[in-house]
Amino acid sequence: MDAGLLYMQRCLDLASCGAGKVAPNPLVGAVLVHNEKVIGEGFHEKFGEAHAEVNAITRAEKSFPHLISESILYVNLEPCSHHGKTPPCTDLIIDKKIKRVIIGCLDPNPLVCGKGKQKLISAGIEVADGILETACRELNKYFISFHEKQRPYITLKWAQSDDGFIAQKNYLPVHLTNSYSDQLVHKMRAEHMAIYVGGRTVLSDNPKLTVRFWKGKNPIRVSLDTKNTFKTNLNIFNENAETYLFNYEKYEDHENVKYIKIDPSKNYISQILEFLYKKEINSLLVEGGAGSLNDFIKCNVWDEAKVFISGHQLKNGVAASAIPGKVVCEETIFNNRLITALNL
C-alpha cells in the first residue's frame, strides 16, 4: 500500500479511539510525518478538549520541534478554521509553518466546508484532499449526515425470532439475543448520542436503555408519551441519563427529564428529529417497538438497520418489520445472526 494511504489509515485508526467521547464533534486523527518517519500523532480525545492536529503537533514538539516545518500533516477531516470551544487548527498549522497537509475528506459543517483548506492554501501550504475519502466519510457518518441532512443519523435496531416475531402476543417481551449480542447492542448505545423507544415499549418492557454491558456514556433517552401516562417509577425516569419525553400537553423541565410538547396534527417523527437537530444530537438509535420501527421505515427516515435474528421460533406474536433497504453484511454471533442493511 502507498505510504500516504497507510498514514491516512493510521489517522482513521486513531480517530476511532474517540468514539463515544467527542460527539457531536467528529472523530479525527492526525499524523505528522517527516521523511517517512512519524514524529507526532494524536486524536480528538474528548469533547471540548484539544483537537487531533493540536495533539499531534504537541507530541512532535517534545522530541522533534526542528522537524515540524519540514513535515507533512495527515488528517482524516479538514482542519477547522473557526473559533469554537478551541482555537482554529488551521492557525496552529500555519503558525508552525507545516509545508504540506493531506486531508481525507472535507468537513460538511458550514462553518468549515472548504474554508479550512482554502485558508491553508492562502498561507502557502500545499494541500491535497480525497485520500481514502470513502473510509473517512464512513467513520464520520453521524457527523456528516447531521450536517448534510440536517437531522441525526438514524440506526434502527431490533431482535426477532427465526420465524419473524419481535415480541409475544399482547406485546409481552421476550429476550432473543445472547450475551455477546447484548454487549454489541450496548456498544451501539455508547456510540449514539440518543436512543428512542416507543411508549408501548416503555410500559411493557420498562427498559433501562443504558450501556451497563459496555464502557461509555449512557445515551439520552427519548420516547413518546402523548397523554403523559408514564409513572415516575419507570426506569426511564431514573438519574442514569437525561430523558426527553415528547407529548401533546405540556412543556416542563425537571432535573434530568424534559417534557417537550409537539403538535398532534403533524408527524411526530419529524418534530422529534427537528428538536434533536437543534440540540446538536447527531445520532439516534431506534430500538422499537414494532410500531415505532414501522413508522420510521414508512417515513423513510432512517440510515442503517441492525437486525439480530435468533435461532428460536415463537410460532406467533408481534410480527417484525421486513428488513428494509439493501443488506450489506451478515454476521454470525453464536446462535444469533446480525444483518446490516443500508438506506441507499
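Here we summarise the structure given alongside this text. (Residues numbered from 1 in each chain as written. Predicted model: local features only at pLDDT ≥ 70, side-chain atom pairs only at ≥ 80, totals over all residues. Heavy atoms only, no water.)

Details of the environment of Lys62
Okay, so step 1: On the secondary structure map, Lys62 appears in helix α2 (residues 52-63).
Okay, so step 2: Looking at Lys62, the relative accessible area reads 68%, which means it is exposed.
Okay, so step 3: Sequence separation between Lys62 and Gly40 is 22 residues, and the spatial gap between their C-alpha atoms is 9.0 Å. (Helix = DSSP H or I, 4+ residues; strand = E, 2+ residues; numbered from the N terminus. Buried < 20%, exposed > 50% of the residue type's maximum accessible area, 1.4 Å probe, protein only.)

A few points about the pattern of salt bridges
Opposite charge on two side chains allows them to pair when their charged atoms are near.
Okay, so step 1: Under the counting rule described, the total for this entry stands at 21 salt bridges.
Okay, so step 2: Residue Lys96 is joined to Glu61 by a salt bridge in which the shortest nitrogen-to-oxygen separation is 2.4 Å. Taken as a pair, Lys96 in the loop between α3 (89-95) and β4 (100-105) and Glu61 in helix α2 lie far apart in primary sequence, 35 residues in all.
Okay, so step 3: Where Glu304 meets Lys141, a salt bridge forms, and the shortest distance between an N and an O atom there is 2.9 Å. Of this pair, Glu304 sits in strand β14 (residues 304-310) while Lys141 sits in helix α6 (residues 141-149); the two residues are 163 residues apart in sequence, bridging distant segments of the chain. With respect to burial, Glu304 and Lys141 carry one shared label: buried.
Okay, so step 4: In this structure, a network of salt bridges that share partners links the residues Glu138, Lys141, Glu304 and Lys306. (Salt bridge = Lys/Arg side-chain N within 4 Å of Asp/Glu carboxyl O.)

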